[in-house]
Amino acid sequence: MLAGGALAVIYGVMAIDSNRGAGVDVFVFIQMYSLAALVVFAFYALLATGRLNITFKTVFIWAVVFRIIAVAGSPILEDDFHRYLLDGCVFVTSGSPYGIAPSTLFAGNELSPECQYALNWVNNPDLPTIYGPLLQYVFALSYLVSPADIDFLQMLLAGMDLALIWMLGKVAPARHVMLFAWCPLIVKETAFTAHPDVIGVTLLFAAFLLRSRGRSLSATMVATLACCAKVFALLALPFFLYRKGPAHWIGALSVALLLYLPFMLQGHTDMFVLGVFARHWDFNPILFEAARTALSDATARIVCLSLFALWWCHYFYRYSRREGFSSATIPRMDWIFGVFLLLSPVINAWYLVWLLPFAVLRPTFAAWTASLAVVLSYVTGLNLLSADLAAYEVHDLAHAAEILLIALALLADLLFNRSGIAVREHCLSSRDKT
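Each chain carries its own residue numbering, running from 1 in the direction its sequence is written. A pLDDT threshold of at least 70 governs which residues receive local features in this predicted model, and a stricter bar of 80 or more applies before side-chain atom pairs are shown or counted, although totals over entire chains, interfaces and linings include all residues. Heavy atoms from the whole structure form the basis of all side-chain values; hydrogens and water molecules are not counted.

**Here's the deal with a nonpolar patch on the surface**
Convention followed: Note that patches include only residues with greater than 30% relative accessible area and no salt bridge, and the join distances are 9 Å for like charges and 5 Å for nonpolar side chains (Val, Leu, Ile, Met, Phe, Trp, Tyr). Throughout, the Shrake-Rupley method with a 1.4 Å probe supplies accessible areas, and for residues the shown protein chains are the sole cover considered. Whenever a carboxyl oxygen of Asp or Glu lies within 4 Å of a side-chain nitrogen of Lys or Arg, that contact is scored as a salt bridge. Starting at the N terminus, helices and strands are each numbered in turn, a helix being any DSSP run of H or I of at least four residues and a strand any DSSP run of E of at least two. Exposure classes here rest on a 1.4 Å probe applied to the protein chains alone. A residue is buried below 20% of its type maximum, exposed above 50%, and partly exposed in between.
Taken together, the side chains of Phe365, Leu404, Leu408, Leu411, Leu415 and Phe416 present a nonpolar region at the surface, about 630 Å² in accessible area. With respect to the element layout, Leu411 can be found in helix α21 (residues 396-416). According to the relative accessible area criterion, Leu411 is partly exposed, its value standing at 44%.

This is the structure in structure tokens:
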């Protein structure tokens, strides 16, 4: 198939470029990424006309090919993976990665040479790790299999990604699944760069599938596991606990305690750094940036959080009234994560990994345009090697273009009613696959 072959070539070039010692040029990367996105969108448009057809088997085989290519490459324009490798090393050798700022390890000689290399490149070395307990166990497993080597973690996360694609194939048309399975953002952020968000969102999607099959207690416990991977999943947890008996609440609490208690007994968890993140960090914001022009930083954070909380409560109320909390429907998590990100002080590209699987169920211009536009957030002072920008400051023109693309896509959704004015949910039944 021409589209699959073209994408394999593009991802192959990206892999070759990523393995060069000089690193990837940000503008070359954006060109290749944008070309891959245009191939996916153009092919989807052809499929939507009905003149072409595609099977899930074909979608999945090409998805495997793309991830094999990506795993053969190296992380692109990212250094977060050094923290994952260091966390795994410290967890295995010291018993817990929490409460330990990497900067305090520079003077010691307890680390292996491989771990010392990861330490030398870790970002924000004065802050302890922010990653949840479930991810810490994954990082420890990665260290035990392949100490301070990103290859195994890339393979593991690519496998989780394929599991998510397989689940999507159970409930959505193949052409919609193709948008996610072949998406350059998913391939880049998961298989190339090894951001572990895919673990949390795969568990969350699995929880919704379990819920649709009447296994509500198992669904609640799996959703709690997702929360222990990343706090984003907390936005979905009430959908599993609302109107449930003590068994569900006890089950959720038991899962959380099982993962957190070993670290709590040692005196530290991820909560401290999460607090620092919530109070002080910002990167590539959209509506938060607008609020901050009129308000102080702290006030803007409170206002944006309050606006999101009000919108979430409004949606939750409408969902419960319209659907009666039917387990056969999945809420518009693409809306929930989308509004959250629009109001958030931090919009990293890999955060969209949480939104896009749910945008497979109800594709919108906004969600998939955002998957393309967010690549512009990599035009930073660090990647440009520019003295005129701070290391993690996005160039003004790139940021403006990103916002414009997303705004136009939101307008297109309203004009064409693709996202819908009324609340619509996805019913997990066989008729949705036709």
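**Topic: the nonpolar core**
If you look at soluble globular proteins, the nonpolar side chains tend to sit buried side by side. Put simply, the rule is: By convention a nonpolar core is built from buried Ala, Val, Leu, Ile, Met, Phe, Trp, Tyr and Cys residues, the set being connected through side-chain atoms within 4.5 Å.
In this structure, Phe29, Trp182 and Phe205 are the most contacted members of the largest nonpolar core, which totals 149 residues. When residues in this core are grouped by element, the largest group, 12 residues, is from helix α2 (residues 26-49).

**Some remarks on the confidence of the model for the protein**
Interpretation of the predicted coordinates at a detailed level should be avoided for regions scoring low in pLDDT. For the record, the criterion: Known as pLDDT, the predictor's confidence for each residue is given on a scale from 0 to 100. In this analysis, two residues are considered to be in contact whenever any of their non-hydrogen atoms come within 4.5 Å of each other.
The pLDDT averaged across the protein works out to 91; a share of 94% of its residues lies at or above 70. Every residue in residues 418-423 is under pLDDT 50, and counting partners more than four places away or in other chains gives 20 contacts. Below a pLDDT of 50 lies the segment residues 430-434, which in the model reaches 10 contacts outside its immediate sequence neighbourhood of four places, other chains included.

**Examining helix α5 (residues 113-121)**
Count 3.6 residues to each turn of an α-helix, and residues three or four apart come out pointing the same way. Defined as follows: What the arc measures is the spread of directions leading from the helix axis to the C-beta atoms.
For α5, every residue scored as buried is listed here: Cys115, Ala118 and Leu119. Taken down its axis, α5 places every buried residue within 100 degrees of arc, on the same side. The outward face of α5, more than 90 degrees from its buried face, is lined by the exposed residues Pro113 and Tyr117. Residues of α5 that are buried sit in contact with α4 (81-94) and α6 (133-145).

**Remarks on the packing of aromatic side chains**
The relation between two aromatic rings is expressed through the spacing of the ring centres and the mutual angle of the planes. Selection rule: Geometry of aromatic contacts follows a simple scheme: Phe, Tyr and Trp rings, the Trp one being its six-membered ring, pair when their centres are within 6.5 Å, and the pair is stacked under 30 degrees between planes, edge-to-face over 60, tilted otherwise. Distance and angle both matter: a charge sits over a ring if NZ of Lys or CZ of Arg is within 6 Å of the ring centre and within 35 degrees of the ring normal.
Here the structure, examined in full by the defined rule, presents 37 aromatic pairs. Lying across the ring of Phe232, Lys230 places its NZ or CZ 5.0 Å from the centre.

**A word on the side chain of Glu189**
Note that Glu189 resides in helix α9 (residues 184-192). Those residues in contact with Glu189 that sit more than four places away from it in its chain are Ala194, His195, Ala349, Trp350, Val353 and Tyr378.

**Some words on the pattern of salt bridges**
Tallied over the entire structure, the rule returns nine salt bridges. Among the salt bridges present, the one from Asp161 reaches Arg67, with a minimum N-O distance of 2.6 Å. Here Asp161, found in helix α7 (residues 150-171), pairs with Arg67, found in helix α3 (residues 56-72); they are 94 residues apart in sequence, far enough to count as distant. The shortest N-O distance in the salt bridge between Asp282 and Arg292 comes to 3.3 Å. Of the two residues, Asp282 sits in the loop between α14 (271-280) and α15 (287-294) while Arg292 sits in helix α15, which places them 10 residues apart along the sequence. Residue classification places Asp282 among the partly exposed positions, given a relative accessible area of 34%. Among the charged side chains, a salt-bridge network with shared partners connects Asp282, Glu289, Arg292, Asp297 and Arg301.

**Digging into the state of the cysteines**
Short version of the rule: Two cysteine sulfurs form what is called a disulfide whenever their separation falls within 2.5 Å.
One pass over the structure, following the stated rule, counts one disulfide. Bridging Cys89 to Cys115, the disulfide has an S-S length of 2.4 Å. Taking the torsion about the sulfur-sulfur bond, which here is approximately 115 degrees, the covalent link between Cys89 and Cys115 counts as right-handed. Taken together, the residues Cys89 in helix α4 and Cys115 in helix α5 connect sequence positions 26 residues apart. Of the two residues, Cys89 and Cys115, neither departs from the other in class, the shared state being buried. Unpaired in this structure, Cys304 has its nearest cysteine sulfur neighbour in Cys313, at a distance of 16 Å. Given a relative accessible area of 5%, Cys304 falls into the buried group.

**Comments concerning the environment of Ala15**
Relative to the helices and strands, Ala15 is located in helix α1 (residues 2-18). Spatially, the C-alpha atoms of Ala15 and Ile69 are 6.7 Å apart, while their sequence positions differ by 54 residues. Not counting residues up to four positions away in its chain, the partners in contact with Ala15 are Ile69, Gly73 and Phe192.

**What about the side chain of Asn123?**
This is how the line gets drawn: We define a polar contact as two N or O atoms separated by no more than 3.5 Å, with the added condition that, inside protein, one atom must be a possible hydrogen donor and the other a possible acceptor, whereas residues neighbouring each other in sequence contribute only through side-chain atom pairs.
Structurally, the position occupied by Asn123 is in the loop between α5 and α6. Judged by its relative accessible area of 13%, Asn123 falls in the buried class. A distance of 2.8 Å separates the side chain of Asn123 from the side chain of Asp79, its partner in a polar contact. What Asn123 contacts, discounting residues up to four positions off in sequence, is Asp79, Asp80, Arg83 and Tyr392.

**Remarks on the packing of α7 against helix α10 (residues 197-212)**
Rules: To obtain an axis, a line is fitted to C-alpha atoms, over the contacting stretch when the element is a helix, and the angle between two such axes runs from 0 to 180 degrees between their N-to-C directions. Roughly parallel refers to an angle under 35 degrees, roughly antiparallel to one over 145, roughly perpendicular to one between 65 and 115, and oblique to any angle outside these ranges. When the near helix sits turned anticlockwise from the far one by under a right angle, the crossing is termed left-handed; a clockwise turn instead gives a right-handed crossing. Under the grouping applied here, Gly and all other residues not named as nonpolar or charged are polar, the nonpolar ones being Ala, Val, Leu, Ile, Met, Phe, Trp, Tyr, Cys and Pro and the charged ones Asp, Glu, Lys and Arg.
At a minimum axis distance of 9 Å, the contact between α7 and α10 shows a crossing angle of 30 degrees. Relative to α10, the element α7 lies roughly parallel. Crossing angle aside, the handedness with which α7 passes α10 is left-handed. On the side of α7, the interface is formed by Leu157, Met160, Asp161, Leu164, Met167, Leu168 and Val171, while α10 contributes Val198, Ile199, Val201, Thr202, Phe205, Ala206 and Leu209. Considered class by class, the residues forming the contact of α7 with α10 number 12 nonpolar, one polar and one charged.

**Some points on the environment of Leu46**
Relative to the helices and strands, Leu46 is located in helix α2. Measuring from C-alpha to C-alpha, the distance between Leu46 and Met271 comes to 47 Å, with 225 residues separating the pair along the chain. Sequence-distant contacts of Leu46, that is, excluding residues within four places in its chain, are made with Arg51 and Leu52.

**Section: helix α17 (residues 333-343)**
Across the 11 residues of α17, eight count as buried, placing the element largely inside the fold. When α17 is considered as a whole, its buried residues turn out to be Met333, Asp334, Trp335, Ile336, Phe337, Gly338, Leu341 and Leu343.

**Section: the packing of α1 against α2**
Contact geometry of α1 with α2 gives a least axis separation of 10 Å together with a crossing angle of 165 degrees. With respect to α2, the axis of α1 lies roughly antiparallel. The crossing of α1 and α2 is left-handed. Contacts between α1 and α2 involve Ala3, Leu7, Ile10, Tyr11, Val13, Met14 and Asp17 from the first element and Val28, Phe29, Met32, Leu35, Ala36, Val39, Val40 and Phe43 from the second. Looking at the contact of α1 with α2 residue by residue, the classes come out as 14 nonpolar, no polar and one charged.

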